[in-house]
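Geometric and topological summary
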Amino acid sequence: MKLRVIKALTMATASAVAMAAVIWYMLNWQFPLPEKNAKSIAINVISAEGETLRQFADANGTFRIPVKVSDVSLIYLDSLLAYEDSRFYSHNGVDIRALLRASYQRLRYGRIVSGGSTITMQVVRVLYPIERSYAGKLVQIFRALQLEQHYSKQEILNLYLTHVPMGGNIEGVEAASQRYFGKSSHNLNISEAALLTVIPQRPSLYRPDRYPEEAKLARNKVLRRLIQEGVLSKQEYELLKGESVVAGRMPIKRKVPLLARELKSHTAGQSAVGTFIVKELQQNVDSIVAQRFRALSNELSVAVMVVENESGKVLAYKGSLEMDNVRSFGHVDMTKAVRSPGSTLKPFVYAKALDEGLIHSESLLLDIPMEFGDYKPQNFDKRFQGEVSVSEALQRSKNVSAVYLLSQLGVPNFVESMQVMSSSLRLADMNLTVVLGGGGSTLRELVMYYTALSREGVSIKPRLSMDFSIEESKIISAESAWITKAILQDLRAPDRPRAKYGRKIAWKTGTSFGYRDAWAIGTSNDYTVGVWMGRPDGSPYVGQTGATMAAPILFDVFDLLPKDTQKNAKPEAVERVQICWPSGLAKAMVTTEDCLDKRTAWTIDGVTPRTLRRDMRLSSSNKWPQELMSWKQKHSDSARFIDIIQPQDGSHIYPYQGQLLSLKASSKDVRWYLDGIVSTSSIEVESLSGLHEIKACNQNVCNAIQITVY
C-alpha cells in the first residue's frame, strides 16, 4: 500500500514538474524576455584612464554611466547587498522568504513595512516598466526568473548598478556618485555608499541636493542595517549618524566637447565611447591655451592636437577656444576646418626633392626674384638674400626656393603623392601656389603628414577613439624624412632656450595670405603636435604669424609631454659629405680653385647632385649663377641686409625664472641693441615687461624687430 502511494506521489510530482516545465516553456515562447538594452542610450565619452570626459543624456534626458561590479567601491557593494538583497547570490531571482515576510507585514500593519523585491526584480522594474498591482507583481516575478535564466549574477548586478534610479534624471551609481559627490563610485566612503544604497527606494524624496535631512535619515537607516549584518560596528555607527549630508548637483562633464560631439554622431548603440585622451594632459593643454589667450582678441579661436607617433592615438584635443564662445564661433571644430596651410607643406617639397635626387641638404639655391610663367613669388618679409642653402631656405621659409623646387618636381606629381588616406590639398587648379598655401588643408591632415618625419616616411592617421583602426601610408622615403627632420630640428625654440628634457623637435610654422591663419606643426621621436590660430570666419587678424602666435603654444604643449623613449636612427644610406659651392658636388670631385665655399651636407647614398642641374641658370657648374651675380650687382644694399632670425618679429614671450633669450642674425658681425641701449646676444627675459625693440646693426645697415613680454 505504502509503495503504491509513494509511486503515485512520485508520478504526480513528475507530472507536476513536467507540466510546470511545459508551462514555463510556453510562457517563455509566448512572452520572451525583451532585449536588455531596450532603454534609449545615454552616451559617455571616456578618457584613456576610464574616467568620463563628456556625458550625453538619452532620448528622455536621462544621464547614466555604464559601470561594472569591478569598478565600484567594495563598501558600496557590501552596503547594497546587506540592505537590499542579502541572499542575492543564493536565490534564483525571487526571494520567497522576503516576499512572505513583506506580505505578512502588509496584512498585519495595513501598509508596506519592508520590500520583498530582490535586486533582480528591481532590475526588471527599471528595464521593463510594469504597473504596480498584484498582477504586475506576478509579471515582475516571471521576468525576474527569466532574467536569472538568461544572465549571470554578475551581469544582473551590472544592470542594477547602471540603471537604478537615483533622483531626477540620474540613473546608476556611477552617474549619481559623480553628480552628487564629484567622485567616481570606486572612491565612495561608507556614508556616501549608504546614501546611494537607499536613494532608489524613494528617488525623489531622498535626493541629497534637495532634501539633505530626509536623505540623512534614510542613510542612517541603512547604517543601522549594516550593524545587524555585521558590516558596521555600533561605535562606527555612533560616529557616522550625526554626519551631515553634503551633496551638490555637480555640472555635467563637458571636456573635449567638440571631439565628444563628433564621436557621439558615429556611435552605433554604444553607451561608452573610449578615447585615448589623457585627462591630466588635456587639462594642462586647456590651461595653457587659456593663459596665452588672456591678452588676445576674443574673436580668435585655436585648435590643438597631440598625437602619439607609434600608434596614432590622439592624446589631447582642442577643437576651439571655448565651445560656448559665440564671437569666436566656438561651436566650429577647427581641427577639421579646411584652411590655407601657409608654408607648412614646404618640408614635403624639400623631402620629395631629396628623393628625386635634385638636392642634398646643402645644395645651393637662389633667393632672388624669379619668374615662373606669369607667377612671381615674394618672400614673406619682401626681402631676398641671394645665395642660400637648402637647410637655410627651409629653416627660414624662403618662398622662392620652395616654389623653384616644386616647379622642378611638377605640381601634379607632388599633389598626387600627398593625397593619401582620404586627405586632399584642395587646389583649384594645378599651380605652384600650393607650396605657399594656395590650396586647403586641415589640422588633422597636417599633423598626419608630419608624423611621417618621425616614422621613416610613413604617415599615420590620427585615431580619435578606440574604434578607429590604424591607417598608414608612405609619403616619403626614410632617408629624406630623416634629413628633413634633422634640418627642422636645428630651428631654435621661439621663446625659450630649449624644449623640456632637451627634446629635439622638428617644427615648421605657416601664415596664410592676409594673416588669416597661423600654424605651427612639430614632431619629436614620440609625438606630433599641431596648433592652428585664427578667426573661424576667415577674416584677417593683422600681425599674427605662425612663429609669434602658434609656435609658443606648440612648445608649451611639448613641454607637457613625457620624455621621448623612441629612437629615430639615421638610415644607413644617409651619409655626411663635404661639398663645394657653387657646383654642389662632393669636394673630392672638385678642384681646389673651384671649391669657393666648403660645406658639409647630408646626402642619400653619398649622391651630390649638381646645383640647378635641371635648368639653364648655370653656364658652368663651377661658377656662381649669372642671375645671382647680376642681382647682387644691382642690389648691393639688399645683399648687406641683416635678417634677425631669433627671436621672430612680433613674438609673444611668457618668461620663466632664469630664462635667457638668445639673439641670432643672418650676419655674425653685428651689434645688438635693446630699446636703444647696447646689449649682448643674450637677454634676461625675466627683467622685462611689455613692448620692447631689438635692433641688429653692422657697419652699413640696421634692422629692428619688436617683442612683447608678459
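Residues numbered from 1 in each chain as written. Predicted model: local features only at pLDDT ≥ 70, side-chain atom pairs only at ≥ 80, totals over all residues. Heavy atoms only, no water.

1. Considerations on the overall build of the protein
A count of helices and strands for the protein gives 21 helices and 25 strands. Taking 2.2 N^0.38 as the reference for a compact globule, 710 residues should give roughly 27 Å; the C-alpha atoms of the protein span a radius of gyration of 35 Å, well beyond that estimate. A fraction of 67% describes how many contacts in the protein between residues 6 or more apart in sequence connect residues 24 or more apart. Carbon and sulfur atoms form 52% of the exposed surface of the protein, whose accessible area is close to 33000 Å². The protein carries 87 positive and 72 negative side-chain charges, and their two centres are separated by 8 Å. (Helix = DSSP H or I, 4+ residues; strand = E, 2+ residues; numbered from the N terminus. Rg over C-alpha atoms; globule rule 2.2 N^0.38 Å. Contact = heavy atoms within 4.5 Å. Areas by Shrake-Rupley, 256 points an atom, 1.4 Å probe, with all protein chains shown as cover. Lys, Arg positive; Asp, Glu negative; His and termini not counted. Charge placed at Lys NZ, Arg CZ, Asp CG, Glu CD.)

2. Some remarks on the environment of Ala-586
Mapping Ala-586 onto the fold places it in the loop between β15 (574-581) and β16 (597-604). With 525 residues separating them in the primary sequence, Ala-586 and Gly-61 have C-alpha atoms 72 Å apart. Here Ala-586 is in contact with Val-577, Gln-578, Ile-579 and Thr-608, once residues within four sequence places are set aside.

3. Structural notes on unusual backbone geometry
Residue Pro-582 is bonded to the preceding Trp-581 through a cis peptide linkage, with omega at 5 degrees. Considering the arrangement of structural elements, one finds Pro-582 in the loop between β15 and β16. At Tyr-515, a residue that is not glycine, the phi angle is positive and equals roughly 60 degrees. Mapped onto the elements of the fold, Tyr-515 is located in the loop between β12 (506-511) and β13 (517-523). Here Asp-675, not a glycine, exhibits a phi torsion of approximately 55 degrees, which is positive. Residue position: Asp-675 is located in the loop between β21 (671-674) and β22 (677-679). Here Asp-675 falls in the partly exposed class, since its relative accessible area comes to 39%. (Buried < 20%, exposed > 50% of the residue type's maximum accessible area, 1.4 Å probe, protein only.)

4. Some words on the UniProt feature "domain: Penicillin-binding protein transpeptidase" (unreviewed entry) in the protein
This chain's UniProt record puts "domain: Penicillin-binding protein transpeptidase" (unreviewed entry) on residues 303-416. In this annotation, residues 303-416 is assigned 29% helix and 17% strand; the end-to-end C-alpha distance for the span is 27 Å. (UniProt positions renumbered as here; feature names shortened; annotations may be inferred.)

5. Description of the pattern of salt bridges
Under the criterion given, the structure shown has 28 salt bridges. Linking Glu-192 and Lys-183 is a salt bridge whose minimum nitrogen-to-oxygen distance equals 3.0 Å. Overall, Glu-192 belongs to the buried group, its relative accessible area being 13%. Salt-bridge contacts for Arg-599 lead to Glu-362; the nearest nitrogen and oxygen are separated by 3.5 Å. Here Glu-362 lies in the loop between α13 (346-355) and β8 (364-367) and Arg-599 lies in strand β16, a separation of 237 residues in the sequence. (Salt bridge = Lys/Arg side-chain N within 4 Å of Asp/Glu carboxyl O.)

6. Quick look at the packing of aromatic side chains
In this description, an aromatic ring pair is defined by two values, namely the gap between the centres and the angle between the planes. Enumeration according to the criterion identifies 7 aromatic pairs in this entry. Between Trp-507 and Phe-555 the ring centres are 5.1 Å apart and the planes differ by 85 degrees, which places this aromatic pair in the edge-to-face class. With Trp-507 in strand β12 and Phe-555 in helix α19 (residues 546-558), this pair connects stretches of sequence that are 48 residues apart. An aromatic cluster of at least three residues, connected via ring pairs, comprises Phe-348, Tyr-449 and Tyr-450. The positively charged end of Lys-153 is found above the aromatic ring belonging to Phe-88, 4.6 Å away from the centroid. Arg-179 extends its terminal NZ or CZ atom over the ring of Phe-63, reaching a point 5.5 Å from the ring centre. (Phe/Tyr/Trp six-rings, centres within 6.5 Å; stacked < 30°, edge-to-face > 60°. Lys NZ or Arg CZ within 6 Å of the ring centre and 35° of its normal.)

7. Some words on the state of the cysteines
Within the structure shown, the criterion is met by 2 disulfides. The disulfide bridge from Cys-580 ends at Cys-595, spanning 2.0 Å between sulfur atoms. As the torsion about the S-S bond is roughly -90 degrees, the Cys-580-Cys-595 disulfide counts as left-handed. Of the two residues, Cys-580 is situated in strand β15 and Cys-595 in the loop between β15 and β16; the sequence distance between them amounts to 15 residues. Classification of Cys-595 as buried rests on a relative accessible area of 13%. A sulfur-sulfur separation of 2.0 Å characterises the disulfide bridge that pairs Cys-697 with Cys-702. Between Cys-697 and Cys-702 the sulfur-sulfur dihedral comes to about 115 degrees; the bridge is accordingly right-handed. Judged by relative accessible area, which is 44%, Cys-702 ranks as partly exposed. Cysteine pairing for the protein (bonded cysteines numbered in sequence order): 1-2, 3-4. (Disulfide = S-S within 2.5 Å.)

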